[in-house]
Amino acid sequence: MTLNVRKNESTYDNLKAFLQPQIVTFFVILFATFINGPSYPFIGNLIWLPLGSISLCFLLFDSKVVLAALLATHFSDVWIHSQLFFSQVTWLKSIAGVIAPMCAIASMRFFKLSNFFDEGKVVFQHLLFLAILTALFNTIISFFTSSYIASIDETMEQINATVFIKNYLIGDILGCLVVLFFAALVVVPSIKYFSPKSAPFN
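All of the points below concern the structure found in this document. Values in this document were obtained by computation on a predicted structure and should not be read as measured data.

Some details on the packing of aromatic side chains
For the coordinates displayed, the defined rule picks out 10 aromatic pairs. Plain terms: the ring middles of phenylalanine 85 and tryptophan 91 are 6.0 Å apart, the flat faces sit at 80 degrees to each other, and that makes the pair edge-to-face. Here tryptophan 91 falls in the partly exposed class, since its relative accessible area comes to 26%. By the ring-pair criterion, three or more aromatic residues cluster together here, those being Phe26, Phe27, Phe75, Trp79, Phe85 and Trp91.

Quick look at the structure:
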C-alpha cells in the first residue's frame, strides 16, 4: 500500500514538473503577443515582445518547452492575429519564430556566454548580446521565410529587403531587450525574495 502511494506521488510529481513549464511558457507567449498588439508580418513591428518571451522561456526551462512555445506562437497567430489554423504560411512563421531563439541560445552556450548572473548581479552584456543575436537570427530566418511565402503567392508584392531587415531587426532587438531586462531586473529578484529555492539563473 505504501509503495503504491509513493509511486503515485512520484508519478504526480513528475507530471507536475513536466506540465508546469509547458503551461507557463504557453501563457507567457500568449500574453506577450496579446499586449504587443497587431502584427505586420511583411513590414515589421516597432517592437516585437513575443520573440523576447520565447527567449525568456527557453532560458528558464531549456529546450523541453519547444513544443509549448511552437503551439503558443501558432495559437497566438490564430486567436489574436486572425490567421488560419491549418495555413502553411501560419505554420512556417510559427516555426521560424521558435527556431531563432534556440539558435541564439545554443550559440551563446557554445561560446560560453550563457552566464547571465554573476554572484547575484545581472551580466547586462550577455543579455544585450543575446537580444541582438536572437534578433539577427530571427530577422534572417523571417526574411527567407517571408520571401518564400511571397514567391508562392502571386497576389503579394515582392518584399523590400532593406525595409524588411531594418524594421525586423529594430523591432526584434527592442522586444527582446524589454522582456529580458524586465525579467532580469524585476521578475527574478522578486522570485529570489519570495521563493529563493525557485529562483532561475543561479
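Read on for the rest.
Description of empty space enclosed by the protein
Considering all chains together, one arrives at one cavity of 30 Å³ or more under this definition. Mapped by element, the contributors of at least two residues to the lining of the largest cavity are α2 (49-61), α3 (66-79), α4 (88-110), α5 (124-152) and α6 (161-194). Looking at the lining of the largest cavity residue by residue, the classes come out as eight nonpolar, 16 polar and three charged.

Concerning the packing of α4 against α5
Two elements in contact, α4 and α5, have axes whose closest approach is 8 Å; the angle formed by their N-to-C orientations is 150 degrees. With respect to α5, the element α4 is oriented roughly antiparallel. Where α4 crosses over α5, the handedness of that crossing is right-handed. Taken together, the residues of the contact of α4 with α5 sort by class into 18 nonpolar, seven polar and one charged.

Focus on α3
Taking 1.5 Å of rise per residue, 14 residues should cover 20 Å, and α3 covers 20 Å from first to last C-alpha, within 8% of that figure. Those residues of α3 not exposed but buried are Ala68, Ala69, Leu70, Ala72, Thr73, His74, Ser76, Asp77 and Val78.

Quick look at α4
The first and last C-alpha atoms of α4 sit 33 Å apart over 23 residues, in line with the 33 Å expected at 1.5 Å per residue. On its buried side, α4 packs onto α2, α3 and α5. Between the side-chain oxygen at the start of α4 and the backbone nitrogen of valine 89 there is a gap of 3.2 Å, and the oxygen is on serine 87. Downstream of α4 by one or two residues, lysine 112 has phi in the positive range, about 55 degrees.

Describing a nonpolar patch on the surface
A cluster of nonpolar side chains, contributed by Leu15, Phe18, Leu19, Ile23 and Phe27, occupies part of the molecular surface with about 490 Å² of accessible area. By secondary structure assignment, the location of leucine 15 is in helix α1 (residues 2-36). Residue class for leucine 15 comes out partly exposed when judged on its relative accessible area of 46%.

Some remarks on the nonpolar core
Phe58, Ala69, Leu130 and Leu180 are the most contacted members of the largest nonpolar core, which has 31 residues in total. Every element with two or more residues in this core is listed here: α1, α2, α3, α4, α5 and α6. Ranked by the residues each element gives to this core, the list is headed by α2, at eight residues. Residues contacting alanine 69, with those up to four places away along its chain left out, are Thr25, Ile29, Ile54, Phe58 and Val98. With five residues, the next largest nonpolar core counts Phe143, Ile159, Phe164 and Tyr168 among its residues.

Reading the values: the criteria
Residues numbered from 1 in each chain as written. Predicted model: local features only at pLDDT ≥ 70, side-chain atom pairs only at ≥ 80, totals over all residues. Heavy atoms only, no water. Phe/Tyr/Trp six-rings, centres within 6.5 Å; stacked < 30°, edge-to-face > 60°. Buried < 20%, exposed > 50% of the residue type's maximum accessible area, 1.4 Å probe, protein only. 1 Å grid on protein atoms, 1.4 Å probe; cavity = no way out; pocket = protein on both sides within 12 Å on 5 of 7 lines; lining within 4 Å. Points joined across faces, edges and corners; volume = space filled by probe spheres on them. Helix = DSSP H or I, 4+ residues; strand = E, 2+ residues; numbered from the N terminus. Nonpolar A, V, L, I, M, F, W, Y, C, P; charged D, E, K, R; others polar. Axes fitted to C-alpha atoms, helices over the stretch in contact; angles between N-to-C directions. Parallel < 35°, antiparallel > 145°, perpendicular 65-115°, else oblique. Left-handed = near helix turned anticlockwise from the far one by under 90°. Expected span 1.5 Å × (residues − 1). Contact = heavy atoms within 4.5 Å. Polar contact = N/O pair within 3.5 Å; in protein donor to acceptor, adjacent residues only side chain to side chain. Patch = residues over 30% accessible without salt bridge, like charges linked within 9 Å, V, L, I, M, F, W, Y side chains within 5 Å. Areas by Shrake-Rupley, 256 points an atom, 1.4 Å probe, with all protein chains shown as cover. Salt bridge = Lys/Arg side-chain N within 4 Å of Asp/Glu carboxyl O. Core = buried A, V, L, I, M, F, W, Y, C linked by side-chain atoms within 4.5 Å.

So yeah, pure geometry; function would need other evidence.
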